[in-house]
Protein chains: 2
Amino acid sequence: MIILRQNVRAMTREMEIICVGNELLIGKTLNTNAQWLSKQATALGITVKRITVVADDVNEIANIVRETLRRKPRFIITTGGLGPTFDDKTLEGVAKSLKRKLAINEKALKMVSEKYEAYARKNRIKAVELTPPRIKMATLPEKAEPIPNPVGTAPGVQLDLEETMLIVLPGVPSEMESIFDETVEGMLKQESGKGAFYEKSIYAEGVMESSLAPIIYKVMQNNPDVYIKSHPKGRESRSYIEIHVSITARESEKSEDKLQKVIMQLSSAIGKIGGKVVVDELS
Amino acid sequence: MIILRQNVRAMTREMEIICVGNELLIGKTLNTNAQWLSKQATALGITVKRITVVADDVNEIANIVRETLRRKPRFIITTGGLGPTFDDKTLEGVAKSLKRKLAINEKALKMVSEKYEAYARKNRIKAVELTPPRIKMATLPEKAEPIPNPVGTAPGVQLDLEETMLIVLPGVPSEMESIFDETVEGMLKQESGKGAFYEKSIYAEGVMESSLAPIIYKVMQNNPDVYIKSHPKGRESRSYIEIHVSITARESEKSEDKLQKVIMQLSSAIGKIGGKVVVDELS
């Protein structure tokens, strides 16, 4: 199976996600950003290979960026650590990992100062001063490009490296998502070709996961480009198992048919051992 | 600030969390396990240094375990990949990373077969055969110890390595949590000493995060063992910011007082620049 999976992978572009933030490591915040980005990338036919969470620490950030670049994914997306406070250290960490200097980026400074001008107008106050914490958000590694932030102040950042496009996004979900939707998705689409991800779940009652194991194995052998994974819900002895069937493909036409065929093979085999298959999730 | 943080860290035990599962990398499943474990470990005074998510692939698992061991955290906890299906590959990956053989563990086999005997009794069927997928759940790396699973079939696994205790848990949240509560928490407590984590949030209105930045910096300089992080909620211009104050300490007595002192310093400084501080989260 591993070999067959690797064939699929070789066809697709790979991505790693790096999330920066102590709040994720102390369990204060649920990492919805990683799930959201994984879902978007997967839908574009990109294979997310790893997600790593590290602390707000320059060395930790520099280390993980360096390690990840060594694995040469086509894309790296980072989230978090772009704001004005002292512990927003992602750009410093990225610069360190690349051995590049940090410098005020004029394009980014224009983006940031326009945000504060709009804020001043809106609140009818005099111009907001560009203090060091504010200028920090426009201080990028050399040769970086700022990406407009439609809903917040700190721009996203893009770095075209030798084999990897590194995209640095804020951690506030609304900002991260809107930068992705407005700009990043287009970049990824251009690079990832016409790939797409197709998936469907069915639900099996009255069988144990250990009884499904040989069935899933056999159906996957007969359908090498389809991936099947069982997810027991609650205890195994409750005998209610989600079976998730998916395919990542360049050409879309036949993928839906393939999924349907696999679901019929699974349903038939599960029926033979006394299980019942339903299409909607049990409640 | 980095140096001050490292002083705190040196006092505490470190942990890394590894989550195995394609469902996390395609964005199908939100990684609640990582948050739950981080919260538990942090409450015990342990510092979670990294969380990594990898695919259901023997080489990916072996690589991340090897890399993580090289960083020598006191604890590694993995989740996922312990079930009966072909794509439950965590123990194979762990064995590969340690260059140990996999073999049927008699203690684990007893745990697994007792689960199926109970299932047979409950469902009034004849004995459930110990098929290869079922025996697989009792096939552990050499010198591993199984940990009882109070609510599921696959035992957890403990490996005492040179500098690291490696704990392998299932991915189904109810199983992972109950193994942790029943057995793992005790192991960690014994090792992590009397450390604990104290935290409190306040909420600031009417100030921008970029105006808070120098205040937070200054208060942290005056209180080196306290960590302060601002979390903008929504857009920065909406001016509603959570300020999370935390301390990891061996001795508990003075920690609450320290947090209170820091909150008063923050509130006073924020008041001076025209902001308002509230203790309860705004809705």
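Further up the page is the structure itself.
Residues numbered from 1 in each chain as written. Chains lettered and ligands numbered in written order. Predicted model: local features only at pLDDT ≥ 70, side-chain atom pairs only at ≥ 80, totals over all residues. Heavy atoms only, no water.

Trainee: Tell me about the overall build of chain A, residues and numbers included.
Mentor: The number of helices and strands found in chain A is 10 helices and 12 strands. When the backbone C-alpha atoms are referred to their principal axes, chain A occupies close to 75 × 40 × 35 Å. In chain A, the proportion of contacts linking residues at least 24 apart, taken out of those at least 6 apart, comes to 72%. Put simply, chain A shows about 12,200 Å² of open surface, and 50% of that area lies on carbon and sulfur atoms. With 41 positive and 37 negative side-chain charges, chain A shows a separation of 2 Å between the mean positions of the two kinds. (Helix = DSSP H or I, 4+ residues; strand = E, 2+ residues; numbered from the N terminus. Contact = heavy atoms within 4.5 Å. Areas by Shrake-Rupley, 256 points an atom, 1.4 Å probe, with all protein chains shown as cover. Lys, Arg positive; Asp, Glu negative; His and termini not counted. Charge placed at Lys NZ, Arg CZ, Asp CG, Glu CD.)

Trainee: So what's going on with helix α10 (residues 255–272) of chain B? Residues and values would help.
Mentor: Residues and elements named next belong to chain B. Over its 18 residues, α10 extends 26 Å from the first C-alpha to the last, a length consistent with the 26 Å expected when each residue adds 1.5 Å. Those residues of α10 not exposed but buried are S255, L259, V262, I263, L266 and I270. For α10, the buried positions fall inside an angular range of 100 degrees around the axis, keeping them on one side. Exposed side chains of α10 directed beyond 90 degrees from the buried face belong to D257, M264 and K272. On its buried side, α10 packs onto β9 (196–205), α9 (209–222), β10 (227–232), β11 (240–249) and β12 (276–278). Positioned one or two residues after α10, G274 has a phi angle of 90 degrees, which is positive. (Expected span 1.5 Å × (residues − 1). Buried < 20%, exposed > 50% of the residue type's maximum accessible area, 1.4 Å probe, protein only. Arc of directions from axis to C-beta.)

Trainee: Tell me about the packing of aromatic side chains, residues and numbers included.
Mentor: Applying the stated criterion across every chain yields a total of six aromatic pairs over all chains. When the centroid spacing of 5.3 Å and the interplanar angle of 85 degrees are considered together, the rings of W36 of chain A and F180 of chain A count as edge-to-face. One end of the pair, W36 of chain A, is in helix α3 (residues 32–43); the other, F180 of chain A, is in helix α8 (residues 173–192), with 144 residues separating them in the sequence. Comparing W36 of chain A with F180 of chain A shows no difference in burial state: the two are buried. A cation sits over an aromatic face here: R134 of chain B above Y116 of chain B, 5.0 Å from the ring centre. (Phe/Tyr/Trp six-rings, centres within 6.5 Å; stacked < 30°, edge-to-face > 60°. Lys NZ or Arg CZ within 6 Å of the ring centre and 35° of its normal.)

Trainee: Can you lay out the interface of chain B and chain A for me, pointing to particular residues and giving the numbers?
Mentor: Listed as interface residues are 77 residues of chain B and, on the opposing side, 77 residues of chain A. Taking both partners together, chain B and chain A bury about 6,200 Å²; carbon and sulfur atoms supply 53% of that area. In this structure, the connection of chain B to chain A is made through 12 salt bridges. Its salt-bridge partner being R71 of chain B, residue E67 of chain A comes within 3.8 Å of it at the nearest N-O pair. At the junction of chain B with chain A, the criterion picks out 22 residue pairs in polar contact (both at pLDDT 80 or more). No other element matches α9 of chain B, which puts eight residues into the side of chain B that touches chain A. Class assignment for the residues of the side of chain B that touches chain A results in 31 nonpolar, 23 polar and 23 charged. Here three bridges tie strand β2 (residues 47–54) of chain A to strand β2 (residues 47–54) of chain B, and the two strands are oriented antiparallel to one another. Looking at the pairing, I51 of chain A lines up with V53 of chain B of β2 of chain B. (Buried area = accessible area lost by both parts, 1.4 Å probe. Salt bridge = Lys/Arg side-chain N within 4 Å of Asp/Glu carboxyl O. Polar contact = N/O pair within 3.5 Å; in protein donor to acceptor, adjacent residues only side chain to side chain. Nonpolar A, V, L, I, M, F, W, Y, C, P; charged D, E, K, R; others polar. Pairing = 2+ DSSP bridges.)

Interpretation note: all reported values are geometric properties and have no functional meaning in isolation.
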